[in-house]
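Chain residues, written in single-letter form:
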Amino acid sequence: MIDWRDIQRFLYSHYLMTGVRQAVGALTPAVVIVASGHSYSTGLTMTIGALCVAIVDQAGGVGKPARNGMLLAMALSVISALLTGLVSPHFTLMWLVIPILTFLFSMLSVYGARGALLGFVSLLIMTLTMRSPMTISDVLVYAGYLLGGGFFYFIYSLVVRRFFKVREKRESLSSALFSMADYLRARARLYDTRQDIDLSYRDLIRAQSIVVDAVQNIDKGWFEEPAETRMPGNFESSGTFRLATALQRLLTSFVDTRTDFALLRKGLQAPAVLNAMHETLVSMADRMGQIALNAARNKSTPAQPVAQASLEIIRRELEESANGQADPDKSNALLILRQVYDRFCRAQAMLNELALHTFDTQSSLNAAATQQAVPPLSGSLLMQDRWHLGLYFSSLRLNGVNCRHALRVSVAVLLAMALSYAMAQVFQGEALKAIGTHGYWVVLTVIVVMKPGFALTQQRNGWRLGGTLIGCCVALVLFHFIHDSAWYLAILFLFGVLGYAFVQLNYLVSALCNTVLVLTAFHLLSPGGEMVVGARFLDTLLGCTVALLCSYILPTWEARFLPGLANELKAANIRLLEAAKVLAEAPQAAAGQSRKAWSSAQQGVYVALSRFSASYYRMMSEPVRHQLQPAVFNHLMIENHALAMQTMHIASTLHSQPEVDPHISDALVQARRLLEASATASQWQDEHLSVKDHDVSNPGLQQLTQAAKTIGLDMARLHLQADAPHDHVKETPR
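Residues numbered from 1 in each chain as written. Predicted model: local features only at pLDDT ≥ 70, side-chain atom pairs only at ≥ 80, totals over all residues. Heavy atoms only, no water.

Enquirer: It is not clear to me how the overall build of the chain should be interpreted in this structure. Could you clarify?
Expert: Along the chain, the regular secondary structure elements total 30 helices and 0 strands. Residue burial in the chain is summarised as follows: out of 734 residues, 53% are buried. At a minimum sequence separation of 6, the contacts of the chain that also span at least 24 residues come to 81%. On the chain, roughly 32,400 Å² of surface is accessible, and the fraction owed to carbon and sulfur atoms is 62%. (Helix = DSSP H or I, 4+ residues; strand = E, 2+ residues; numbered from the N terminus. Buried < 20%, exposed > 50% of the residue type's maximum accessible area, 1.4 Å probe, protein only. Contact = heavy atoms within 4.5 Å. Areas by Shrake-Rupley, 256 points an atom, 1.4 Å probe, with all protein chains shown as cover.)

Below, the structure written as structure tokens:
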């Protein structure tokens, strides 16, 4: 069932705004060219050039990297068109050059997400250029139109982004706020005794990765604009900055904490209290969703209490249990309950602070009331693109993920070309001409569907096929009831916007919209194209089949990378423990330096945990026979997350302590020693690797060392060594 709140979330999201910007910029050249009396083919070619630049013009991309990405898209589009067009008249040469170009362009994925988009743009132009033979003059004119369309979109994007800069800021920030609401709902399920705790914890880790990335990926330059360049009275920018920093503090208060949910469920034995904690977080999530929506609309949000009745139930439980005798489990559970209650109270105050900044004028008036020192926004957690040829050439090895993917795509394109050629030879009758002349759609489907991982290819295969089938049915209905060309132009714009907007949210819907868009464009050029609809579905079915079959060629199963990613995550936790120990023992004069090292180690853990969990979830989507000890890796993911959160919680309490407890440093050292130990499973029973209850009296420190011991034991069971090489996981951009 569709929730109205989800519809509002989409309508005010930066995805929709990006879709409108991309669709208008891509379709404008065709409209202008055709309206001025030129041919449809000229307008379509310029639109394709604009489309290629629009593909890399994603939401949140601003500044020099975004501009360079669009310029590279233009350059690669022209290069791809020239190379493909020049060999198109030569049958044998084309069958040799096209697979080589496919391999070279697919290898651009070594440069991360932006490189993968550029590779796709190049492959898209290659596929559209190879449809029919071209003379040298035709190739030059074709490349010129592509360049003209791309340059138009480049200028258009810069101008539009300039005028809508503030709105884009707020919508990107609103997306992060919505992600925070999703995280709170995922955390709430851990207090629900009806939910499986392991599954809920895995969902929490996934939601945490999303919200951390969303917050960290808010472009740093948006919120650190130099004061001399700001316009006087520009309260909008400062209000957005305060909203972002308040969100970061709220996220830190939840993420940098470790709660033993199993102990809480077992020790309390009070369903009413657990339900109260669940209801409190659900209410906070709803409140966060309201704040996110108002932030996007630049609408004021009144401050109001959240879940007062639920908080009162928790408070009464703490008061009634204060003077009573309790067993150790109940005492530890009550200690955790006190921490949770205090965290909820702080979160309620932070939610009210966020509400004050959803409206720019209100935010400026309340700035003095909420002004406090906040740390600057951290840099992006995503790997930075390194555009140097050394990375490209060093990845040209058969055991590399990107090289194997490029080989698979090349073979698939070659097979798709063979099918296209066969269909062109077989379907030559007038009634079946559409099937023969649009065989290149098979190649197009292959390059769209195939991804580096088997699970990703399989998933996108289903979405593409389902979206195309539904889109074909929608197109047939439209062709039957609509006969006015003006309505078809409106349909082109509507489905163009939705196709762009949903490409990152829901690929099935995006495939549906793109299918309607393409079929409507062909219907405008040649009315009565029911055969084109059938050809579209047939070609998509063949392309998906080819992609699925070729995904078994040199497959890269996720189980191959999980051991290395587990070592990477363990190493990140070791660095976090080291940074926490330095932070605990650092004198006041060196606090700034140690805090900087701590921030770097913290980011490293977030990245490593995100990479490990994403790989694990992909492995669980692969055939069972290719999965490696899923139960152990699931346990590793949970315990590494628990260790990191407990370490962050300990570090966050250091500044409030006049004198650091020496047991903290001892526990951090003990946890690090347990992680660094290279031992077999049997050696973990030795006394020198045991965690004794009398070593640390603080339950939080006991959780820390126990998590480290469990990680070490799991790693020993997997026969992983602490110094295992990590080279094979460095090139796994997903």
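Enquirer: Help me understand the side chain of Gln670, please; the structure alone is not making it clear to me.
Expert: Position of Gln670 among the secondary structure elements: in helix H29 (residues 662-676). A polar atom in the side chain of Gln670 sits 3.1 Å from the side chain of Arg673. (Polar contact = N/O pair within 3.5 Å; in protein donor to acceptor, adjacent residues only side chain to side chain.)

Enquirer: Is there a simple way to think about the nonpolar core in this case?
Expert: Soluble globular proteins: nonpolar side chains tend toward being buried together. Of all hydrophobic cores here, the largest spans 111 residues; its most connected members are Met180, Met277, Phe344 and Leu354. Those residues in contact with Met180, other than ones at most four positions away along the chain, are Val211, Leu247, Leu250, Leu251, Phe254 and Met288. Listed in part, the 86 residues of the second largest apolar core include Ala26, Ile48, Ala54 and Phe103. (Core = buried A, V, L, I, M, F, W, Y, C linked by side-chain atoms within 4.5 Å.)

Enquirer: What's the story with the pattern of salt bridges in this structure? I'm lost.
Expert: For the coordinates displayed, the defined rule picks out 17 salt bridges. A salt bridge links Arg161 to Glu168, with the shortest nitrogen-to-oxygen separation between them at 2.7 Å. A relative accessible area of 11% means that Arg161 is categorised as buried. For Glu353, the salt bridge identified is with Arg249, shortest N-O distance 2.3 Å. Placement of Glu353 in helix H15 (residues 328-356) and of Arg249 in helix H11 (residues 235-255) is noted, with a sequence separation of 104 residues between them. As far as burial versus exposure is concerned, Glu353 and Arg249 are alike and both buried. Bridged by salt links that share partners, the residues Arg9, Asp182, Arg185 and Asp286 form one connected network. (Salt bridge = Lys/Arg side-chain N within 4 Å of Asp/Glu carboxyl O.)

Enquirer: Would you explain the packing of helix H12 (residues 261-268) against helix H13 (residues 271-297) in this entry?
Expert: Two numbers describe a pair of packed helices, the interaxial angle and the distance between the axes. Here H12 crosses H13 at 145 degrees, and the two axes come no closer than 9 Å. Counting all contacts with H12, which are made through Leu264, Arg265 and Leu268, the residues of H13 involved are Val273, Leu274 and Met277. When its residues are assigned to classes, the contact of H12 with H13 shows 5 nonpolar, no polar and 1 charged. (Axes fitted to C-alpha atoms, helices over the stretch in contact; angles between N-to-C directions. Nonpolar A, V, L, I, M, F, W, Y, C, P; charged D, E, K, R; others polar.)

Enquirer: Mind showing me how you'd approach the packing of aromatic side chains here?
Expert: One pair of aromatic rings is described through two measures. These are the centre distance and the angle between the planes. Enumeration according to the criterion identifies 12 aromatic pairs in this entry. Seen from their ring centres, Phe91 and Tyr421 are 5.3 Å apart, and the 55 degrees between their planes marks the pair as tilted. Highlighted residues: Phe91 in helix H5 (residues 91-106) and Tyr421 in helix H19 (residues 401-426), separated in sequence by 330 residues. We classify Phe91 as partly exposed; its relative accessible area is 45%. With a centroid separation of 5.8 Å and 85 degrees between ring planes, the pair formed by Tyr392 and Phe393 is classed as edge-to-face. Tyr392 sits in the buried class, given a relative accessible area of 11%. (Phe/Tyr/Trp six-rings, centres within 6.5 Å; stacked < 30°, edge-to-face > 60°.)

Enquirer: Any chance you could explain unusual backbone geometry here in plain terms?
Expert: Residues apart from glycine generally show negative phi values, whereas peptide bonds are mostly found in trans. Positioned with a positive phi, Ala307 is a non-glycine residue whose angle comes to about 50 degrees. Residue Ala307 is classed as buried on the basis of its relative accessible area of 17%. Positive phi, normally seen in glycine, also occurs at Gln629, with a value near 40 degrees. Among the structural elements, Gln629 can be located in the loop between helix H27 (591-620) and helix H28 (630-653). For Gln629, a relative accessible area of 36% translates into the label partly exposed.

Enquirer: Please explain the side chain of Thr42 as it appears in this structure.
Expert: Along the chain, Thr42 falls in helix H3 (residues 40-56). Judged by its relative accessible area of 11%, Thr42 falls in the buried class. Beyond its immediate stretch of four places on either side in the chain, Thr42 contacts Ile33 and Tyr145.

Enquirer: What is the right way to read the environment of Ile314 from this model?
Expert: Among the secondary structure elements, Ile314 is positioned in helix H14 (residues 308-322). Among the residues examined, Ile314 registers a relative accessible area of 0% and is labelled buried. Linking Ile314 and Leu274, residues 40 residues apart in sequence, is a C-alpha distance of 8.6 Å.

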